[in-house]
Amino acid sequence: FLHCGMATGFLHPGAMGASLAAVCWGERLWCGDGRSSATLARAQAAGLRDVGSLDELVVRAEVIVSVCPPGVAEEVAAAVSDAGFSGTYVDVNAIAPATARSIGTRFTHFVDGGVVGPPVQAAGTTRLYLSGDLANEVASLWKDTSLETRVVDGSAGAASAVKVCFAAWTKGSAALLLAIRALAAAENVQ
């Protein structure tokens with residue numbers, strides 16, 4: 001199904017999306033209509049080819065990867081679906097598992113994703129969790145690159161759940177340690 005010569009579209013390549021695109025195998029596309037000069041510069045640096053409009057992207061891409069602010073993830077997915085995309089839609093946004101499942105109902109082929117770490121720069125720093133029926137195939141887009149992919153057993157929502165749990169663990173641990181430190185300072189037992 002997926003091969004190194006296939007076309008993958010990237011929506012709204014910010015720092016993270018551009019870094020994912022830069023290390024992706026195959027032809028890498030984006031739609032630059034209405035995007036800022038900063039986004040254009042990131043897309044060019046990542047080696048993305050501008051096809052202009054979303055309508056053109058959904059015709060040319062076999063896979064579309066969405067990396068956008070979480071608050072607009074559903075709106076972006078709706079626009080891609082409404083444009084008639086029939087390939088594999090990959091949502092890599094920091095969204096709730098239920099939101100991922102809801103987005104997945106718009107597409108025949110859907111893969112849920114969650115990124116942990118900074119934008120891809122060096123091996124071992126950024127991990128992309130993927131779930132859904134075609135997760136292994138989508139993971140192959142980054143085979144042997146500096147982005148580590150991990151397929152999570154389960155359907156759409158499982159990769160987003162890993163991302164949520166990771167964020168809760170890291171932020172919750174930090175908050176707990178700060179609370180313990182504040183208690184120690186208040187009791188003068190530092």
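Refer to the structure presented above.
Overview of the structure. Keep in mind the model is a prediction, meaning the values are calculated, not measured.

A word on helix H1 (residues 15–22)
For an α-helix, the turn length of 3.6 residues means that residues three or four places apart are oriented alike.
And step 1. Across the eight residues that make up H1, a large majority, six, are buried.
And step 2. Those residues of H1 lying buried are Met16, Gly17, Ala18, Ser19, Leu20 and Ala21.
And step 3. Buried residues along H1 sit in contact with strand S1 (7–11), strand S2 (27–30), helix H2 (37–45) and strand S6 (109–116).

So, the sheet that holds strand S7 (residues 127–131)
And step 1. Taking strand neighbours across the sheet as the criterion, the eight strands line up as S3-S2-S1-S4-S5-S6-S7-S8 in an open arrangement whose pairing is mixed. Both outer strands of the open sheet, strand S3 (49–50) and strand S8 (148–151), are each paired with one neighbouring strand and no more.
And step 2. Relative to S6, strand S5 (residues 88–91) is paired through four bridges, and the arrangement is parallel. Paired with Tyr89 across the two strands is Phe110, which belongs to S6.
And step 3. Lying on the sheet, helix H7 (residues 158–186) is in contact with S6 and S7; it crosses S6 at an angle near 15°.

Concerning the packing of helix H4 (residues 73–82) against helix H5 (residues 97–104)
And step 1. One way to put it is that H4 packs onto H5 with a least axis distance of 10 Å and a crossing angle of 10°. Taken together, the axes of H4 and H5 lie roughly parallel to each other. Contacts between H4 and H5 involve Ala73, Glu74 and Ala77 from the first element and Thr99, Ser102 and Ile103 from the second.
And step 2. Split into classes, the residues belonging to the contact of H4 with H5 amount to three nonpolar, two polar and one charged.

Section: unusual backbone geometry
The general pattern is negative phi for most residues beyond glycine and trans for most peptide bonds.
And step 1. Phi at Asp144 takes a positive value of approximately 60°, unusual for a residue other than glycine.
And step 2. By secondary structure assignment, the location of Asp144 is in the loop between helix H6 (135–139) and S8.
And step 3. At Asn188, a residue that is not glycine, the phi angle is positive and equals roughly 55°.
And step 4. Here Asn188 lies in the segment after H7.

Digging into the nonpolar core
And step 1. In terms of nonpolar packing, the biggest core is built from 28 residues, with Phe10, Leu20, Val65, Val90, Val92, Leu130 and Trp142 touching the most fellow members.
And step 2. Put simply, the parts of the chain that give this core at least two residues each are H1, strand S4 (63–66), S6, S7 and H6.
And step 3. Here the element with the most residues in this core is H1; it accounts for four residues.
And step 4. Discounting chain neighbours no more than four positions away, the residues touching Phe10 are Gly17, Leu20, Ala21, Cys24, Arg28, Leu29, Trp30, Leu48, Val65 and Trp142.
And step 5. The next biggest cluster of nonpolar side chains, apart from the first, holds 22 residues, and it includes Cys31, Cys68, Ala100 and Phe107.

Topic: H7
And step 1. Compared with an ideal rise of 1.5 Å per residue, which puts 29 residues at 42 Å, H7 spans 41 Å between its outermost C-alpha atoms and is within 8% of the ideal.
And step 2. Among the residues making up H7, those that are buried are Ala158, Ala159, Ser160 and Ala184.
And step 3. Looking at the residues trailing H7, positive phi occurs at Asn188, about 55°.

Basis of the calculations
- Residues numbered from 1 in each chain as written.
- Predicted model: local features only at pLDDT ≥ 70, side-chain atom pairs only at ≥ 80, totals over all residues.
- Heavy atoms only, no water.
- Buried < 20%, exposed > 50% of the residue type's maximum accessible area, 1.4 Å probe, protein only.
- Helix = DSSP H or I, 4+ residues; strand = E, 2+ residues; numbered from the N terminus.
- Contact = heavy atoms within 4.5 Å.
- Pairing = 2+ DSSP bridges.
- Axes fitted to C-alpha atoms, helices over the stretch in contact; angles between N-to-C directions.
- Parallel < 35°, antiparallel > 145°, perpendicular 65-115°, else oblique.
- Nonpolar A, V, L, I, M, F, W, Y, C, P; charged D, E, K, R; others polar.
- Core = buried A, V, L, I, M, F, W, Y, C linked by side-chain atoms within 4.5 Å.
- Expected span 1.5 Å × (residues − 1).

On their own, these measurements won't tell you what the molecule is for.
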